[in-house]
Number of protein chains: 2
Amino acid sequence: MSLELRVVLVEPMYQGNVGSVARAMKNFGQTDLVLVNPCKLEGQARAMSSHARDVLEGARKVHTLKEAVEGANLTIGTTGASSKKNGEHVRLPLYTPPDIKEKLKGYSGKIALLFGREDNGFRNDELKSFDMLVTIPTSDVYPIMNLSHAVAVLLYELSELEGGKTPLAEDFDLHLLYEHMDKFLEEIEYPPHKKEKTRLMLRRIYGRAGLTPREVQTLRGLLRKGERKLRSSEEESSFLSEN
Amino acid sequence: MSLELRVVLVEPMYQGNVGSVARAMKNFGQTDLVLVNPCKLEGQARAMSSHARDVLEGARKVHTLKEAVEGANLTIGTTGASSKKNGEHVRLPLYTPPDIKEKLKGYSGKIALLFGREDNGFRNDELKSFDMLVTIPTSDVYPIMNLSHAVAVLLYELSELEGGKTPLAEDFDLHLLYEHMDKFLEEIEYPPHKKEKTRLMLRRIYGRAGLTPREVQTLRGLLRKGERKLRSSEEESSFLSEN
């Protein structure tokens, strides 16, 4: 069991950058590259990948963000310091690379690191779909890093990680937990106009926390206990009202 | 007094790399670039420098290493992992970037960071002339980093920029949340023999997630809603049993 990284480039525009990213990945021992609707990859991409042509040519190409993160236990979106306001807007805390490193310590699983378009980064709806956001501290004077530089810096910070013994919960179990939470919100008659926001917030909190299988089970047990208590009170009341 | 960095590129061969280095420097708040016998710097260098054309055009061009380090209090040469043998050969310890950061803590002065040729790095006589050597930990499979990536990673590690600064929930509010959770466990009659472990687990999960003030409020609201529903069911049942 270990920590595995996947690099996801969303709609990269310059093939030289994609090649450079492949090279940085191989430098840091990474090979899992996924490209969402990339630009054409021809001679310049290969030239910039240098001896990482295998990583470049082994890249999986997909059409949606959803396909790109399939099988990942945790998604971490990168965003420029200039998007600090976005971070606030989507109400996700902005971590630094060392923060992320600290949070991942001791974890096992597949982590998707996502990088946005060279010109506009991620849209807000994309940012909202990630478990965590990371930003590389840069100068306010010129905060926009080259795409491959951002990848190199993040992999430099995170590749040192040694796989720990704590396995991350499977996607499947996490979804059961989330569905269970949704059901619970129904049962406690949570105000409908707040429900959607709260559902998203719960997903983000638990996504960020990187739950272990045991923690997922305990949380579901807790929900079940709450539901049972609720139902027994309701049954009692309905039994009494009928008799 | 503070720590000032100078980036010295020794005989860089590709103008795109020089432009990219200028960009990485500006991203990390650095402007002092010295080029020893560089290649021609034309359109591609300017293109890759992007909004750091001022750094590129302000670079000082010299003919010798000696001129390049003039005025520096300390010289740090970078060398690839493949040059580890060189490092041994010249009898200088090979530091990692965090080692260097640690060593420079509290120092003031001008530090020259030197980067060698894209193909052959530094000659031994050059390596011997440096005060320290630093190497970026890379994969043995493909240790040779792109020049501008190496600059980006080192400046990332050494530039004293702070990032992120997420507004985290106050301890006080977190404690209120935890107390509220404890109370909720009571109310749903959570099995006493499991309670202590679950309490701890909940604290760990939420501690790890690094909750924002808003998230704490939403979670408390959710608990309140659950309690209210529970109580109304119970009151109903007690009302009905009394009547």
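Keep in mind the model is a prediction, meaning the values are calculated, not measured.

1. Things to note about the overall build of chain A
Across its full length, chain A holds 11 helices and eight strands. If one aligns the C-alpha atoms of chain A with their principal axes, the spans along those axes are about 80 × 35 × 30 Å. A total of 243 residues make up chain A; the buried ones form 59% of that total. By sequence separation, contacts in chain A at least 24 residues apart represent 85% of the contacts at least 6 residues apart. Positive and negative side-chain charges in chain A, numbering 35 and 35 respectively, have mean positions lying 2 Å apart.

2. What about the domain arrangement of chain A?
Residues and elements named next belong to chain A. By domain assignment, chain A separates into domain 1 (3–166) and domain 2 (171–242). Computed from C-alpha atoms alone, the centre-to-centre distance between domain 1 and domain 2 is 33 Å. Taken together, the contact pairs 15 residues of domain 1 with seven residues of domain 2. Summed over both partners, the interface of domain 1 with domain 2 buries about 900 Å², with 49% contributed by carbon and sulfur atoms. In this structure, the connection of domain 1 to domain 2 is made through zero salt bridges. Among the residues making up the side of domain 1 that touches domain 2, the classes are represented as nine nonpolar, three polar and three charged.

3. Some remarks on helix α6 (residues 97–104) of chain A
Residues and elements named next belong to chain A. Of the residues making up α6, those classed as buried are P97, I100, K101, K103 and L104. Angularly, the buried residues of α6 cover 165° about the axis, an arc narrow enough to put them on a single face. One or two steps after α6, the chain reaches G106, where phi turns positive at roughly 85°.

4. A word on the confidence of the model for chain A
Residues and elements named next belong to chain A. Taken over all residues, the pLDDT of chain A has a mean of 88, while the share at 70 or more is 91%. pLDDT under 50 marks residues 83–87. Its contacts with residues more than four places away, or in other chains, come to six contacts. Across the predicted assembly, pTM comes out at 0.78 and ipTM at 0.77.

5. Side note on the sheet that holds strand β4 (residues 74–78) of chain B
All names here are of chain B. If you walk across this open sheet you meet the seven strands as β3-β2-β1-β6-β4-β7-β5, and the pairing is parallel. Of all strands in the sheet, those with a lone pairing partner are β3 (60–62) and β5 (94–95), marking the two edges. Here β4 runs beside strand β6 (residues 109–115); their pairing, made up of four bridges, is parallel. Looking across to β6, one finds that T75 is bridged to A112. Set on the sheet, helix α8 (residues 147–158) makes contact with β1 (3–10), β4, β6 and β7 (132–134); between it and β6 the angle comes to about 155°.

6. Considering the nonpolar core
In terms of nonpolar packing, the biggest core is built from 80 residues, with L9(A) and L9(B) touching the most fellow members. The contact partners of L9(A), leaving out residues within four places of it in the chain, are V18(A), V21(A), L33(A), V34(A), L35(A), V36(A), F115(A), L147(A) and V151(A). Counting residues in each nonpolar core, the second largest holds 40 residues, with L219(A), L177(B), I188(B) and Y190(B) among its members.

7. A short note on the interface of chain B and chain A
Contacts between the two partners involve 68 residues from chain B, matched on the other side by 70 residues from chain A. Summed over both partners, the interface of chain B with chain A comes to about 5,800 Å²; 65% of that surface belongs to carbon and sulfur atoms. Contact with chain A buries area across many residues of chain B, yet Y142(B), Y156(B) and R208(B) alone supply 14% of it, more than any other trio. Counting across the interface, chain B meets chain A through two salt bridges. Residue E189(B) pairs with K229(A) through a salt bridge whose shortest N-O separation is 2.7 Å. Where chain B meets chain A, there are 27 residue pairs in polar contact (both at pLDDT 80 or more).

Procedures and definitions
- Residues numbered from 1 in each chain as written.
- Chains lettered and ligands numbered in written order.
- Predicted model: local features only at pLDDT ≥ 70, side-chain atom pairs only at ≥ 80, totals over all residues.
- Heavy atoms only, no water.
- Helix = DSSP H or I, 4+ residues; strand = E, 2+ residues; numbered from the N terminus.
- Buried < 20%, exposed > 50% of the residue type's maximum accessible area, 1.4 Å probe, protein only.
- Contact = heavy atoms within 4.5 Å.
- Lys, Arg positive; Asp, Glu negative; His and termini not counted.
- Charge placed at Lys NZ, Arg CZ, Asp CG, Glu CD.
- Domains from an automatic or database assignment.
- Buried area = accessible area lost by both parts, 1.4 Å probe.
- Salt bridge = Lys/Arg side-chain N within 4 Å of Asp/Glu carboxyl O.
- Nonpolar A, V, L, I, M, F, W, Y, C, P; charged D, E, K, R; others polar.
- Arc of directions from axis to C-beta.
- pLDDT = per-residue confidence, 0-100.
- Pairing = 2+ DSSP bridges.
- Axes fitted to C-alpha atoms, helices over the stretch in contact; angles between N-to-C directions.
- Core = buried A, V, L, I, M, F, W, Y, C linked by side-chain atoms within 4.5 Å.
- Polar contact = N/O pair within 3.5 Å; in protein donor to acceptor, adjacent residues only side chain to side chain.

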